[in-house]
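Listed below are the residues making up each chain.
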Amino acid sequence: MTTASKPRELPHTPWGRVRQSRRTADRLMKIIATGFTFCAIFVLFWILGMLVVKGIGGLSLATFTEVTPGPGSQGGGLANAIVGSVVLTFLGIAIATPIGVLAGTWLAEYGRRSKLANLIRFINDILLSAPSILIGLFVYVLLVEPFRGYSGWAGGVALGIIAIPVIVRTTEDMLSLVPGPLREAGAALGAPPSVVITSVTWRAAKAGMVTGILLALARIAGETAPLIFTALNNNFWFSASLVGGVSNLPVTIYQFASAPYENWQQLAWAGSLIITMSILLLSIVARRIVSGGK
Amino acid sequence: MTSIPGAAPIVRRTPKAGFDLFFRNASFAAALFVLVLLAGIMLSMVVGGWPAFREFGLGFITSSVWDTQNDQYGAWPAIVGTLSTALIALLIGVPLSLGIAVYLTQLAPPWFKRPVATAIELLAAVPSIIYGMWGLFVFAPLFAAYVQIPLSNIVEGIPIVGTVLYSRSPSGLGIFTAGIILAFMIVPFIASITRDMLEQIPSVLRESAYGIGATTWEVVRHVLVPQAGVSIIGAVMLGLGRALGETMAVTFVVGNANRLSSSILDPGSTIASRIANEFNEAMGLQLNSLIALGCILFFVTFVVLVIARLLVSRVKRY
């Protein structure tokens, strides 16, 4: 469409030519815009390349089977941090999914264009880009200080709070794409609104809603700042009670990266590689689902 | 009450009716929870930081002393650091993002658009801590060797420029490095909103401009930018909101100095980096002061984000 409507020099030739200065400005702009784009892509590949080069040497069976080593000790892996991260991330998603999906449903199905719905939508958008460190502080004041200790629960709650706005937003967007006649057809069969929503609208928007949850998962999997104040970290396996510090990948990377021990740094790189690749994979899968659903 | 007016009342008298009410109320409660969250964050910051505000008053903002020995705390260096890193991030990131948006909407061949757009969006998916490590271990040494040291040699002794761009300890870490890395972190957000905006402009406008013989640059400059101007400013503000609160990447590369330096190449700190650095060792008034810093950050980002959202309200995503 745009390419067809882009007449190069052709229309100008009959009555004269495009002045050289205009043509130079045009060419310059095109070069700059293209250059900027490749600059950003270059940085992405630079970062990914660095992760692979520095991280791949740290990957071994021990990385996935042994617990994080203490200061100065040799060997060790990231097993407890990986498991802890998975537990915290899924705890966050388990907290965020019901709240996010229900809130998104209310916005799309019940609230629609009401003043309250618009306010909630607006506030949700603010929360979507609120600094995650503030969410960490909030959960610290709410759950860590009163209970006198860092805990996996607090970490999960912090991650959940970060995930909620993402899920609310995508759920609402996906539900608004479901055509109205589908709902009317459900209602015409005599189904009450809740049944129409759960078995018609949700089903129609399922792929999109799953995408939202995957995106939220990708968003919180690498979050570090909120975990420093809530789940903190340790060098042991997490206890099922989730009370006390829970080891997790991001905070482990943060602590190991700038430490003077060589094997800590090596593990930090390996952990970074693992976490980044999982997140990129998740994001790409989520995008695939969206484009496949449309 | 029900949103489907025509439904027969007989059908509603089924065991499902109770569930219907429950479902409606549960979803309403979940939606209200979003409001409760924001109010909770606001309240916890004010309550947690209150002892510091009470102790130091307005001096908490204007003082630049951060002395844990004598329990004296001032936020000024952190505020300046936050604002200057964010400003540098915008100065670098905004032209980059606009260029990318123009490339994606006007210049890229159709088959190339998808992969490029995905790559740009993946920049947003890379965790903050990875940017920090890249900055600390890869970017900072190169920046020190090829920019900081030569630049310091050139500007040494020149008034003003010789102060702002001279680095006493050319380690590559500092306010400017943090700004550069923040720039790449905010690029995907600004670029994708701008791209969405440019795509929503009716193509008739573009075609008529081409029809009277405008070049691509002139179409961008005189048709697209004025059309999308307000939303582009909104997108920039959204990027600013992200840059202000970014924590881990900045903590790695900003140098974490508690002093105020007149040079942007010297180490400094931001509100977020100060909180991340000191929180776990902090007690008493220091802890309250850190939460008070968080409170300041909250209100600054809140104002920025509200303005941004009002300006980009016409855009669908993000």
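Residues numbered from 1 in each chain as written. Chains lettered and ligands numbered in written order. Predicted model: local features only at pLDDT ≥ 70, side-chain atom pairs only at ≥ 80, totals over all residues. Heavy atoms only, no water.

Asker: Would you mind showing me how to read the overall build of chain A here?
Answerer: Within chain A, the secondary structure is distributed over 12 helices and zero strands. Helices and strands appear in chain A in the N-to-C order α-α-α-α-α-α-α-α-α-α-α-α. Scaling as 2.2 N^0.38, a compact globule of 294 residues should have a C-alpha radius of gyration of about 19 Å, whereas chain A reaches 25 Å, well beyond that. Counting only residues that meet the buried cut, chain A has 55% of its 294 residues in that class. Long-range contacts, defined as pairs at least 24 residues apart, comprise 72% of the intrachain contacts of chain A with a sequence gap of at least 6. When the accessible surface of chain A is summed, it comes to about 12,700 Å², and 68% of that surface belongs to carbon and sulfur atoms. Taking the 22 positively charged and 11 negatively charged side chains of chain A as two groups, their mean positions are separated by 12 Å. (Helix = DSSP H or I, 4+ residues; strand = E, 2+ residues; numbered from the N terminus. Rg over C-alpha atoms; globule rule 2.2 N^0.38 Å. Buried < 20%, exposed > 50% of the residue type's maximum accessible area, 1.4 Å probe, protein only. Contact = heavy atoms within 4.5 Å. Areas by Shrake-Rupley, 256 points an atom, 1.4 Å probe, with all protein chains shown as cover. Lys, Arg positive; Asp, Glu negative; His and termini not counted. Charge placed at Lys NZ, Arg CZ, Asp CG, Glu CD.)

Asker: Can you walk me through the overall build of chain B in this structure?
Answerer: Of regular secondary structure, chain B possesses 13 helices and two strands. The C-alpha radius of gyration computed for chain B amounts to 25 Å, which surpasses the reference 20 Å derived for 318 residues by more than 25%, pointing to a less compact arrangement than a globule. With respect to the three principal axes, the spread of C-alpha positions in chain B is 85 × 65 × 35 Å. Sorting the 318 residues of chain B into buried and exposed places 55% on the buried side. Contacts in chain B between residues far apart in sequence, at least 24 positions, make up 74% of those at least 6 positions apart. Entry remark: accessible area of chain B is about 13,400 Å², with carbon and sulfur atoms responsible for 69%. Each charge class in chain B can be summarised by its mean position, and for the 18 positive and 14 negative side chains these summaries are 15 Å apart.

Asker: Please clarify how the environment of A:P71 should be interpreted in this entry.
Answerer: Residue and element names in this part refer to chain A. Following the sequence through the fold, P71 ends up in the loop between α2 (61-65) and α3 (79-111). With a relative accessible area of 57%, P71 lands in the exposed category. Spatially, the C-alpha atoms of P71 and P260 are 9.3 Å apart, while their sequence positions differ by 189 residues. In this structure, P71 is in contact with Y261 and W264, ignoring residues within four places of it in sequence.

Asker: Is there a simple way to think about the pattern of salt bridges in this case?
Answerer: Side-chain pairs of opposite charge can arise whenever the charged atoms involved come near each other. Here the structure, examined in full by the defined rule, presents 11 salt bridges over all chains. Salt-bridge contacts for A:D125 lead to A:R169; the nearest nitrogen and oxygen are separated by 2.8 Å. Of this pair, A:D125 sits in helix α4 (residues 115-128) while A:R169 sits in helix α6 (residues 152-177); the two residues are 44 residues apart in sequence, bridging distant segments of the chain. Across the salt bridge formed by B:E121 and A:R287, the nearest N and O atoms sit 2.8 Å from each other. With one member in each of two chains, B:E121 in helix α5 (residues 110-125) and A:R287 in helix α12 (residues 262-293) form a pair that bridges those chains. Judged by relative accessible area, B:E121 falls into the buried class, the value being 16%. Overall, A:R287 belongs to the partly exposed group, its relative accessible area being 26%. Taken together, the shared-partner salt bridges in this structure form one network comprising A:R287, B:E121, B:R195 and B:D196. (Salt bridge = Lys/Arg side-chain N within 4 Å of Asp/Glu carboxyl O.)

Asker: Help me understand the nonpolar core in this model?
Answerer: Generally speaking, soluble globular proteins have nonpolar side chains that are buried together. Core analysis: the biggest nonpolar cluster contains 193 residues, and A:I133, B:M45, B:F60, B:Y131, B:I275, B:F279 and B:L293 have the highest contact counts within it. Sequence-distant contacts of B:M45, that is, excluding residues within four places in its chain, are made with A:L134, A:L137, A:F138, B:I291, B:G294, B:C295 and B:F298. (Core = buried A, V, L, I, M, F, W, Y, C linked by side-chain atoms within 4.5 Å.)

Asker: Got a minute to help me understand a nonpolar patch on the surface in this structure?
Answerer: Residues and elements named next belong to chain B. Taken together, the side chains of L58, I61, W76 and L260 define a hydrophobic patch exposed on the protein surface, amounting to about 380 Å² of accessible area. If you trace the backbone, I61 turns up in helix α3 (residues 59-62). Residue I61 is classed as partly exposed on the basis of its relative accessible area of 31%. (Patch = residues over 30% accessible without salt bridge, like charges linked within 9 Å, V, L, I, M, F, W, Y side chains within 5 Å.)

Asker: What am I meant to see in the interface of chain A and chain B here?
Answerer: In many analyses, interface size is given as the accessible surface area lost on bringing the parts together. The partner chain B presents 91 residues to the 95 residues of chain A that form the contact. Buried area between chain A and chain B, both sides added, is near 8,500 Å², and the carbon and sulfur share of it is 77%. Along the contact surface separating chain A from chain B lie two salt bridges. One salt bridge in this structure joins B:E218 and A:R22, with 2.6 Å as the shortest N-O distance. Linking chain A with chain B are 10 residue pairs in polar contact (both at pLDDT 80 or more). (Buried area = accessible area lost by both parts, 1.4 Å probe. Polar contact = N/O pair within 3.5 Å; in protein donor to acceptor, adjacent residues only side chain to side chain.)

Asker: What's the story with the side chain of A:S283 in this structure? I'm lost.
Answerer: Counting through the fold element by element, A:S283 comes out in helix α12. Using a relative accessible area of 4% as the deciding quantity, one classes A:S283 as buried. Ignoring anything within four residues of it in the chain, the contact list for A:S283 reads A:A218, B:L122 and B:A125.

Asker: I tried to follow the packing of helix α10 (residues 216-245) of chain B against helix α13 (residues 284-311) of chain B on my own but got confused; where do I start?
Answerer: Working note: a packed helix pair is described by the angle between its axes plus the distance between those axes. Residue and element names in this part refer to chain B. Where α10 contacts α13, the two axes come as close as 7 Å, and the packing angle between them is 160°. Looking at the two axes, α10 sits roughly antiparallel to α13. Between α10 and α13 lies a crossing of left-handed hand. Only L297, V300, T301, V304, L305, I307, A308, R309 and L311 of α13 make contact with α10, whose side of the interface consists of V230, S231, I233, G234, M237, L238, L240, G241, L244 and G245. A per-class count over the contact of α10 with α13 returns 13 nonpolar, five polar and one charged. (Axes fitted to C-alpha atoms, helices over the stretch in contact; angles between N-to-C directions. Parallel < 35°, antiparallel > 145°, perpendicular 65-115°, else oblique. Left-handed = near helix turned anticlockwise from the far one by under 90°. Nonpolar A, V, L, I, M, F, W, Y, C, P; charged D, E, K, R; others polar.)

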